[in-house]
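# Descriptive structure summary
In case you want the letters, here they are:
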Amino acid sequence: MKRKLLKTWGILLTAGMLMGSNGSVVANAAEAVDGQVESNTYYSEQETAEAETEASESQETGTDSDESKGAESGTDSAASEEDNEGSLESEESKSKESEEESSESQETEPSDTEEESTDSEESGESESEESGEESSESQETESSDTEEESTDSEESGESESEESEEESSESEESNSSETEEESKSEESEEESSESEESNSSETEEESKSEESEEEGSESQGTDSSESGEDDKVQGGSSTGPEATGKPAEGSEGQKPGTVPGETAEPDSEEAFNGWKEEDGKYYWYEDGVKQGLEEGGKEVYDPETENWYWLDNADNGARAAGREVYLETDGGKWVRYDEEGRRVKGEYILDGQAYYYEPVTGAQVKGPMVLSDGRKVFYDLETGQMIKGEQEINGAVWLFDETDGHLIEEIESKFWLTIDEHSYWYVDWVRQGWKPEEPEYLGEELYDEAAAEWVWLDGTEQGRLAVNKLVYLENGQADAAGNLGKWVFYDENGHMFKGWTEDGLYYYDPVYGTMARGTVVIANKEYEFDSETGVKLSEKVISGFEAFGIESNVEAGTEYEYTTNCYDVGGLRTVGKAVFDYNTFESDETHAAREGYEWKQVKVSMKFDSKSALYFGYRYAVLYGLDYYAFNNASVETAEDDSIERGNVIHFEGKEYDISTHYEVLEEGWREDGSGYVTLLYECQVPVGYDGMTFALYNASNVGKGDLALDRLDENSLIFRMQ
């Protein structure tokens, strides 16, 4: 009976490169009269004068026109009897039309003045009388003999001349400028109509003139009521929570040279900007609109006085004075407005107590402060009053001068201080991360040695420790991809966040904290992140067991058939039994502890009792050190030793870790019952929670098929994942 065995095993080594990034800092209508009233009034008077002049000239030329028309009419009647009869019929028709037009004129013409009404009535009566005379003459003409017809024709011509004179007179009374000297008797209807339109036009012009004069009077009254005095101080009442800040670029504010309280000139196109006094209080206007009526009130900047003021919405937008207000700007701050309504800057004495308000933002200062004269003083963390005498700060007692409050003895130069539930970092009594005199300053990144973490001092919030905030940093050390700028996130403790967020949607570089954007490879997967927001869009496996379709198929404590080949006859198959036992622990007598690490251990017990194994022996082959996540089908390194110690590098949660592994054949041989046995041990010390290490048994006959891992592994291989 042959009892020989062959031991072969392989080691797959993987290598990687750490990629990261680093960086430093970057990082908020009354209408003016426009002159139309005066110009319209002036134009109406001028037009009236011109109309009177034209009427006078028309009256003078009307007489000559009448005489000429009468002569022409007489000549025409003597020439032809038929023409005379046609003229009489035309006159009758015209008489009727004149009566109707006179009636319509009386109904439609405006009755603004008594004189115009009287003229209309006289015109109607005159036309009626003319029509009666014409009708009578027509009847007499029809009953006459041939000789009388000639005479009547002459009389008819004279009658037409008289009617033309009366119509011309009526046209002169109505100031019609459109009567022509050569018009014939058939045009009388058009002349009468033009006269009526002229009367209506004059009436409308007189009405417009009166309205323009009234508007001019009203405009003068408005200007007088809106004019005010120079800026005076008036107190406000209740407080408000917000301020809008300094006017944005491009906004004009109060017009240069405008005296507070004055209105714009009537002919100015610019709406009023500035202060107005109303009922003893002052209000701020922008483009003619009163400000400070929005909920919570509003802070405004007056460029003439170069001061900020508070408009109290509870007092109809009136300027407040002697008030303390909380504003949401600059991360939230308390500011004070003095008795003149101006925002307080620097040291301020109220009721014998000293306070300090930062000169640029107006924020009330609490805690340490270095004044302009060099004094290091301390303002109470609750009231903001300057401390004098002994004061306990951060568990230590500090001593301040009883007179001017300056620090007598300094205990430490660097410390954190909590003010109004926010943390601030001080160096040499100066708050760090806050430079209000530099508008572009956004803060600074600080390495907290005590916490061994990077933090951000937010310059937009008075230098406080940033918490749960996304910040953009630039001009720092470039990351592996050459990027200088980066988005980083500071968690609830103010520490730079690294790795995956709890919801699995965002990823931050494990070394530099850079937010992942675009295409990023993490472990064995390729991820696509939104280029702007950084949210994860997709993922796909590009390495590891999943990428190659390999699955772990063994559970601890279960017996599996292990197919391999015989020792003497390589082509002869034999089948054994294998059981995997798995254990994890931190340390023991033979395994040293390491912070953040744990030991993972698997024992494989094999038994060969088939006839082929009894007669021809058996072989077994092992692959260990394969990383489930980083597997890339590398070459297999063959080792013949029974005990091997190795080091390796893995990537876990975005970080690189060095690990140690150990492989050993604990026992092997033949039992009295003729069966062969082998016990193998594989163990590794890896970061706590890492589950990527694997151990595999494969058919020893596959050794000659190639040097790659997938040349050796097949569907009969037993793969155990240490998880």
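The following refers to the structure shown. (Residues numbered from 1 in each chain as written. Predicted model: local features only at pLDDT ≥ 70, side-chain atom pairs only at ≥ 80, totals over all residues. Heavy atoms only, no water.)

## Looking at the pairing of strand β9 (residues 333-337)
The element β9 is extensively covered by neighbouring structure, given that four of its five residues are classed as buried. Looking at chain direction, strand β8 (residues 323-327) and β9 are connected through five bridges and run antiparallel. Considered in β9, the bridge of Tyr326 is made with Trp334. Counted between consecutive antiparallel strands, the loop separating β8 from β9 contains five residues, among which Asp330 sits at a positive phi close to 55°. (Buried < 20%, exposed > 50% of the residue type's maximum accessible area, 1.4 Å probe, protein only. Helix = DSSP H or I, 4+ residues; strand = E, 2+ residues; numbered from the N terminus. Pairing = 2+ DSSP bridges.)

## Considering the environment of Arg573
Along the chain, the position of Arg573 falls in strand β31 (residues 573-585). Sequence separation of Arg573 and Ser612 is 39 residues, and the distance between their C-alpha atoms is 7.6 Å. Beyond its immediate chain neighbours, meaning those up to four positions away, Arg573 contacts Thr563, Thr564, Asn565, Cys566 and Ser612. (Contact = heavy atoms within 4.5 Å.)

## Regarding the packing of aromatic side chains
Counting across every chain of the model gives 42 aromatic pairs. Ring geometry for Phe378 against Phe400: centres 6.0 Å apart, planes inclined by 40°, an arrangement best described as tilted. Placement of the pair is Phe378 in strand β13 (residues 376-379) and Phe400 in strand β15 (residues 396-400), with a sequence separation of 22 residues. Here the two residues Phe378 and Phe400 agree in accessibility, since each one is buried. Both rings, one in Tyr597 and one in Tyr657, keep their centres 6.2 Å apart while their planes meet at 80°; by these two values the pair is edge-to-face. Within this pair, whereas Tyr597 is found in strand β32 (residues 597-608), its partner Tyr657 is found in strand β36 (residues 655-670), the two being separated by 60 residues in sequence. Through a chain of ring-to-ring contacts, three or more aromatic side chains come together here, namely Phe545, Phe548, Tyr597, Tyr628, Tyr629, Phe631, Phe652, Tyr657 and Tyr690. Positioned over the ring face of Tyr424 is Arg431, at 4.1 Å from the centre of the ring. (Phe/Tyr/Trp six-rings, centres within 6.5 Å; stacked < 30°, edge-to-face > 60°. Lys NZ or Arg CZ within 6 Å of the ring centre and 35° of its normal.)

## A look at the side chain of Gln685
Examined against the element boundaries, Gln685 turns out to sit in strand β37 (residues 676-687). Overall, the relative accessible area of 7% leaves Gln685 in the buried class. Within the structure, the side chain of Gln685 is placed 3.1 Å from the backbone oxygen of Ala592, a separation counted as a polar contact. The contacts of Gln685, once residues within four sequence positions are left out, are Ala592, Ala593, Arg594, Tyr597, Glu598, Trp599, Ile659 and Ser660. (Polar contact = N/O pair within 3.5 Å; in protein donor to acceptor, adjacent residues only side chain to side chain.)

## A look at a nonpolar patch on the surface
On the surface, Val569, Tyr615 and Phe616 cluster together to form a nonpolar patch covering roughly 280 Å² of accessible area. Looking at the element boundaries, Tyr615 is found in helix α7 (residues 611-616). (Patch = residues over 30% accessible without salt bridge, like charges linked within 9 Å, V, L, I, M, F, W, Y side chains within 5 Å. Areas by Shrake-Rupley, 256 points an atom, 1.4 Å probe, with all protein chains shown as cover. Salt bridge = Lys/Arg side-chain N within 4 Å of Asp/Glu carboxyl O.)

## A short note on the sheet that holds strand β17 (residues 414-419)
Pairing is antiparallel across the open sheet formed by three strands, whose spatial order is β17-β18-β19. Looking at which strands have only one partner, the edges of the open sheet turn out to be β17 and β19 (430-431). Inspection of the sheet shows β17 paired to strand β18 (residues 422-427) by six bridges, in the antiparallel sense. Each bridged residue has a counterpart across the sheet, and for Phe415 the counterpart in β18 is Tyr426.

## Some remarks on the side chain of Glu683
Along the chain, Glu683 falls in strand β37. No salt bridge is formed by the buried Glu683; its nearest oppositely charged neighbour, Lys603, is found at 8.1 Å. Looking at Glu683, its side chain comes within polar contact range of the side chain of His591, at 2.9 Å. Within polar-contact distance, the side chain of Glu683 engages the side chain of Gln601 at 2.6 Å. (Lys, Arg positive; Asp, Glu negative; His and termini not counted.)

## Regarding the pattern of salt bridges
Taken as a whole and judged by the stated rule, the model has 19 salt bridges. Between Glu286 and Lys298 there is a salt bridge, with its nearest N and O atoms 4.0 Å apart. Pair noted here: Glu286 is in strand β3 (residues 281-286) and Lys298 is in strand β5 (residues 298-302), with a separation of 12 residues, a long-range link. Take Glu286: its relative accessible area is 26%, and that puts it in the partly exposed class. Residue Lys298 is classed as buried on the basis of its relative accessible area, which comes to 10%. Salt bridges sharing common partners tie together Glu347, Asp373 and Arg375.

## Points about the sheet that holds strand β4 (residues 289-290)
Taken in spatial order, the three strands make up an open sheet running β2-β3-β4, and their pairing is antiparallel. Two strands bound the open sheet, and with one partner strand each, they are β2 (274-278) and β4. One ladder, built from two bridges, connects β3 with β4; its direction is antiparallel. The residue bridging Tyr285 from the neighbouring strand is Lys290, located in β4.

## Some remarks on the pairing of β15
For a regular strand, side-chain orientation follows a simple rule: the groups alternate between the two sheet faces. Alternating residues of β15 divide into Ala396, Trp398 and Phe400, all buried, and Val397 and Leu399, none buried. Pairing of strand β14 (residues 389-393) with β15 involves five bridges; the strand directions are antiparallel. From the neighbouring strand, Gly389 faces β15, where its bridge partner is Phe400. Pairing of β15 with strand β16 (residues 407-409), which is carried by two bridges, proceeds in the antiparallel orientation. When the bridges of β16 are listed, Phe400 appears paired with Leu407.

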